[in-house]
Amino acid sequence: MSERKSKVIVVMPAYNAAQTVEKTVADIPENSVDEIILVDDASKDNTVEVAKRLGLTVVEHSENRGYGGNQKTCYTLALEHGADIVVMVHPDYQYDPRLIPYMTGFIEQGICDVVFGNRVRNRRYTLESGMPLYKYISNRALSILENIVLDLNLGECHTGFRAYSRQVLETIPFMQNSEDFVFDSQFLTQAAYFGFNVGDVPVPCRYMPEASQINFLRSTTYGLETLRTLLQFLGQKWGILNLPIYQAQTKTTASED
């Protein structure tokens, strides 16, 4: 693999990740990133203390803003800190951060603008990794539909392990997105709407008691909100709607140098 030339910043949207953040950080390959920013969403455990001990850049929300709200802070800070490539990895050790150099490599080489970590390589592997059957079924169904609507070919559309080029984050108006879990679905439709190249790489997945998971009710709400987002995308694409989430943001000051 060629020597890295881009500034890579990992962002970790954290909530009650004290038991897993150290293992996640330890698996990030040496010299593959320049900075790790952890945004704590008012955790009730000692996530902040552990993250500071590990030498991470830590920002604390005074109150819980939700998964999407956490990402808004993550990406804003990463851009302010001069990132060329931003990798989001959950600090719950569900995803394998050893894949970071491969994901950033696709972006640095100009092959992709967005890279997803794909947990769904085949049914047997995915279920054996611990993904609940109902989540596997809903993931597959929604991902197939999203691929059709968005003209993509992703193994899955609902991963929490993603890499973005700076241009993506400077174009997509992510501050207009939801502060809940559907933020990710909105971001994917925005990437497709603005014509960015989206790809994925296979990534091992680990389900464990200490890893964060949303329950059946929240999963159902997320699924319905994702369907709503797809309808909004089609409405925007066909000129029926004119939504703020599809209005490209102006370039940041840092990008105008």
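Just above sits the structure.
By convention here, each chain's residues receive numbers from 1 onward along its written sequence. In view of the model being predicted, local features appear only for residues whose pLDDT reaches at least 70, and side-chain atom pairs are presented and counted only at 80 or more, with totals across whole chains, interfaces and linings using the full set of residues. Excluding hydrogens and water, the side-chain figures rest on all heavy atoms present in the structure.

A. The arrangement of the overall build of the protein in detail. Comment: elements are numbered from the N terminus, with helices defined as DSSP H or I runs of at least four residues and strands as E runs of at least two. Secondary structure summary: the protein contains 9 helices and 7 strands in total. Only C-alpha atoms enter the radius of gyration; for comparison, a globular chain is expected to reach 2.2 Å times N to the power 0.38, where N is the number of residues. Relative to its length of 257 residues, the protein is compact, with a C-alpha radius of gyration of 17 Å against a globular reference of 18 Å. Looking at the protein residue by residue over its 257 residues, the buried ones come to 55%. Only the protein chains shown count as covering a residue, and every accessible area follows the Shrake-Rupley method with a 1.4 Å probe. When the accessible area of the protein is evaluated, it comes to approximately 12000 Å², of which 51% is carbon and sulfur surface. Charged residues are defined here as Lys and Arg on the positive side and Asp and Glu on the negative side; His and the ends of the chain fall outside this count. Think of each charge as sitting on NZ of Lys, CZ of Arg, CG of Asp or CD of Glu. Across the protein, 23 positive and 31 negative side-chain charges occur, with their mean positions spaced 5 Å apart. Classification of residues uses two cut-offs on accessible area relative to the type maximum, computed with a 1.4 Å probe and protein chains only: under 20% is buried, over 50% is exposed, and between them is partly exposed.

B. Examining the pattern of salt bridges more closely. The rule for a salt bridge is simple: a side-chain nitrogen of Lys or Arg has to be within 4 Å of a carboxyl oxygen of Asp or Glu. Under the counting rule described, the total for this entry stands at 12 salt bridges. Here Lys52 ties to Glu60 by a salt bridge, and the two come within 3.7 Å at their closest N and O atoms. Between Glu128 and Arg124 there is a salt bridge, with its nearest N and O atoms 3.1 Å apart. With Glu128 and Arg124 both in helix 5 (residues 123-128), this residue pair falls 4 residues apart, about one helical turn. Grouping residues by exposure puts Glu128 and Arg124 together as exposed. Each of Arg65, Lys72 and Glu179 takes part in a single network of salt bridges with overlapping partners.

C. Structural detail: the sheet that holds strand 4 (residues 85-89). The 7 strands are arranged 3-2-1-4-6-5-7 in an open sheet whose pairing can be described as mixed. On the outer flanks of this sheet lie strand 3 (57-60) and strand 7 (198-202), each paired with one strand and no other. Sheet twist, expressed as the mean angle between neighbouring strand axes with direction ignored, is 20°. The strands touched by helix 3 (residues 67-80) are strand 1 (8-14), strand 2 (35-40), strand 3, strand 4 and strand 6 (161-165); relative to strand 1, the strand with the most contacts, the crossing angle is about 155°. Across the sheet, helix 4 (residues 100-108) lies against strand 1, strand 4, strand 5 (114-118), strand 6 and strand 7, angled at about 30° from strand 6, the strand it touches most. In short, DSSP must find at least two bridges between two strands for them to pair. Axis definition: a line fitted to C-alpha atoms, limited for helices to the stretch in contact. Angles are taken between N-to-C directions and run from 0 to 180 degrees. Two residues qualify as a contact provided that any one of their heavy atoms is within 4.5 Å of a heavy atom in the partner residue.

D. Examining the pairing of strand 6 more closely. Counting buried positions over the 5 residues of strand 6 gives 5, a clear majority of the element. Of the two faces of strand 6, both are covered, the one formed by Phe161, Ala163 and Ser165 as well as the one formed by Arg162 and Tyr164. Sheet topology note: the strand 4/strand 6 ladder contains 5 bridges and is antiparallel. Counterpart to Met88 in the pairing with strand 6 is Arg162. Two elements, strand 5 and strand 6, share 3 bridges in a ladder whose sense is antiparallel. Looking across to strand 6, one finds that Val115 is bridged to Ala163.

E. Spatial organisation of the nonpolar core. Nonpolar core, defined: a set of buried Ala, Val, Leu, Ile, Met, Phe, Trp, Tyr and Cys residues in which side-chain atoms within 4.5 Å join the residues together. Core analysis: the largest hydrophobic core is formed by 38 residues, its most contacted members being Val11, Tyr75, Leu150, Leu169, Phe187 and Leu188. When residues in this core are grouped by element, the largest group, 6 residues, is from helix 3. Sequence-distant contacts of Leu188, that is, excluding residues within four places in its chain, are made with Phe116, Glu146, Leu150, Leu152, Leu154, Cys157 and Val198. In terms of nonpolar packing, the next biggest core, distinct from the first, is built from 29 residues, Val10, Met12, Val33 and Tyr95 among them.

F. Seen up close, helix 3. Multiplying one less than the number of residues by 1.5 Å gives the expected span of a helix. With 14 residues, helix 3 ought to run about 20 Å at 1.5 Å a step, and its terminal C-alpha atoms sit 20 Å apart, in line with that. Within helix 3, 12 of the 14 residues are buried, leaving the element largely enclosed by the surrounding structure. Of all the positions in helix 3, only Tyr67, Gly68, Gly69, Asn70, Gln71, Lys72, Thr73, Cys74, Tyr75, Leu77, Ala78 and Leu79 are classed as buried. Positive backbone phi, at 85°, marks Gly82, one or two positions downstream of helix 3.

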